[in-house]
Amino acid sequence: MSKLKPRERDAIVQALRAGVVPKLGLRHIQVGRVREIEELVKDMDRISDGGSAIRFIIGEYGSGKTFFMNLIRLVALEKGLVVMFADLAPDRRIHATGGQARGLYAEMARNLSTRTKPDGGALASVVERFVSQAHRDAEERDAPTGSVIRERLGHFEELTGGFEFAEVIRRYWEGHETGDDELKSAALRWLRGEFATRTDARKALGVRTIIDDASVYDHLKLMSAFVCEAGYKGLLVGLDEMVNLYKLTSSQARNANYEQILRILNDVLQGSAENLGFLMGGTPEFLMNTRRGLYSYEALQSRLAENTFARDGLVDLSGPVVRLASLTPEDLFVLLANVRRIMQDDAGALPDDALEAFMAHCSDRIGEAYFRTPRNTVTAFVNLLSVLEQNPGVEWSDLIEKIEVSEDLGEDMTEVDESTGAQDLGDDDLISFKL
């Protein structure tokens, strides 16, 4: 295992104490899920080779969906892909008519990451890389850079929205060439989906269309083609908290979103998408509920149904749905040992007996949920180590029985009513540690 950097240590500890997924150092705490990771790595290779992939990452609240998706995100970055990740919310959806889909695209575009800029905000550097390559090509051929850009993006005009996309890239080059930072900024705003009206876009860039609710998926396909032109291997799109679609009270709004998911699924399964992958994270209810989940849409149910032979311990990871199996108690022990190694030096580290006593206490309090949905268990353990670190005279054996740990029941399932506007979602119930 590679050496842990102080920055990674701080990020891991702070994130785990808050019950969220750290953005750095995931390799230091990853346990289990070996077969699932292997399958997703194959997906990343398929995308790099010009293919496409889609996976629905399904697991209970606190089971590690977001962690798993972030791990695959890092794999994609290492393999030279560009990634665009975002969480769905009441004001961010795949399909909408009131700006929520454009809001989702704008969030993904702001989070666009590359290997050299893994924390997001990489759109400008991707565009800059493309125009710089075009400029070098133009100099070698003794041709105008604008002509080379037009040539390299010529096939975009066959795609929906491609002409305007290519025109915006050319306008960015004009701003680059003339030192017009305002024009460059306007081009990036258009690419991020931040123009709300066509009038504003026409005034700033001379183009007649914008990225709107109806064109989000088309522009994701354009973006995947563009990043390949810029020298990357492809695009991975990650959408978490898909349960927000399940929460929509309007069946019409839910079905419109599910129809868009079906369109994406069909494109991927039929080979119509190139260098493009999707990860969608959700709960079992989001997938299997026949009244409001994906299974309520018959065409999706038939495509996402489980292999009937995958029963009694047999698994099939080749389909679109990846169910995250529960961590075993052995996996959780390794996970706690990893956290211990991150937070403590070898001289003063907790003994294995303490880890076993801690796990036994959690098992007594919440049963099998302590490893089926391990988020709260890990948070409690981090809090325990923090107290021991700051109170050198205290023995771990004196604290174990004082730990309060509760089952992770998930987010507030507040419904989103289209007629009254989006309602606020409650925070996850997080564990408390008291002396």
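Procedures and definitions
- Residues numbered from 1 in each chain as written.
- Predicted model: local features only at pLDDT ≥ 70, side-chain atom pairs only at ≥ 80, totals over all residues.
- Heavy atoms only, no water.
- Helix = DSSP H or I, 4+ residues; strand = E, 2+ residues; numbered from the N terminus.
- Buried < 20%, exposed > 50% of the residue type's maximum accessible area, 1.4 Å probe, protein only.
- Polar contact = N/O pair within 3.5 Å; in protein donor to acceptor, adjacent residues only side chain to side chain.
- Axes fitted to C-alpha atoms, helices over the stretch in contact; angles between N-to-C directions.
- Parallel < 35°, antiparallel > 145°, perpendicular 65-115°, else oblique.
- Left-handed = near helix turned anticlockwise from the far one by under 90°.
- Contact = heavy atoms within 4.5 Å.
- Phe/Tyr/Trp six-rings, centres within 6.5 Å; stacked < 30°, edge-to-face > 60°.
- Lys NZ or Arg CZ within 6 Å of the ring centre and 35° of its normal.
- Pairing = 2+ DSSP bridges.
- Expected span 1.5 Å × (residues − 1).

*Asks:* Please explain the environment of aspartate 180 as it appears in this structure.
*Replies:* Of note, aspartate 180 is situated in the loop between helix 7 (162-178) and helix 8 (181-191). Given the relative accessible area of 32%, aspartate 180 is considered partly exposed. Among the polar contacts listed, one links the side chain of aspartate 180 to the backbone nitrogen of leucine 183, at a separation of 3.1 Å.

*Asks:* Is there a simple way to explain the packing of helix 1 (residues 6-18) against helix 15 (residues 329-343) in this structure?
*Replies:* In a packed pair of helices, the relevant descriptors are the angle between the two axes and the axis-to-axis distance. The N-to-C vectors of helix 1 and helix 15 enclose an angle of 125 degrees; their axes lie 10 Å apart at closest approach. Relative to helix 15, the element helix 1 is oriented oblique. Seen from above, helix 1 lies across helix 15 with left-handed handedness. Residue-level inspection shows Arg9, Ile12, Val13 and Leu16 of helix 1 in contact with helix 15, the latter providing Val339, Ile342 and Met343.

*Asks:* Where do I start with the packing of aromatic side chains in this structure?
*Replies:* By the definition in use, this model includes six aromatic pairs. Following the ring pairs from residue to residue traces out a cluster consisting of Phe130, Phe156, Phe165, Trp190 and Phe226. Lying over the aromatic face of phenylalanine 195, arginine 189 brings its terminal NZ or CZ to 4.3 Å of the ring centre. One cation-aromatic arrangement involves arginine 292 over tyrosine 246; the distance from NZ or CZ to the ring centre is 5.5 Å.

*Asks:* Would you mind going over the sheet that holds strand 4 (residues 276-282) with me for this structure?
*Replies:* Two orientations exist for strands paired in a sheet by backbone hydrogen bonds: parallel and antiparallel. Taking strand neighbours across the sheet as the criterion, the five strands line up as 2-3-4-1-5 in an open arrangement whose pairing is parallel. The open sheet has two edge strands, strand 2 (82-87) and strand 5 (321-323), and neither has a second partner. Strand-to-strand, the axes of this sheet are offset by a mean angle of 15 degrees, without reference to chain direction. Where strand 3 (residues 235-240) meets strand 4, five bridges bridge the pair, whose relative direction is parallel. Bridge pairing in strand 4 links leucine 235 to leucine 276. Relative to the sheet, helix 2 (residues 34-48) contacts strand 1 (52-58), strand 3, strand 4 and strand 5, its axis offset from that of strand 1 by approximately 155 degrees. Running at roughly 130 degrees to strand 1, helix 12 (residues 251-269) makes contact with strand 1 and strand 4 of the sheet.

*Asks:* How should I be thinking about helix 12 in this particular structure?
*Replies:* Every α-helix winds through 3.6 residues per turn, so residues three or four apart in the chain are directed the same way. Its 19 residues give helix 12 an end-to-end C-alpha distance of 26 Å, which sits within 8% of 27 Å, the value for a rise of 1.5 Å per residue. For helix 12, the complete set of buried residues consists of Ala253, Arg254, Asn257, Tyr258, Gln260, Ile261, Leu262, Ile264, Leu265, Asn266, Asp267 and Val268. At its buried positions, helix 12 is contacted by strand 1, helix 10 (216-229), helix 11 (243-246), strand 4, helix 13 (284-288) and helix 14 (298-304). Once helix 12 finishes, glycine 271 follows within two positions and takes phi at roughly 80 degrees, a positive value.

Function cannot be read off these values alone, since they describe shape.
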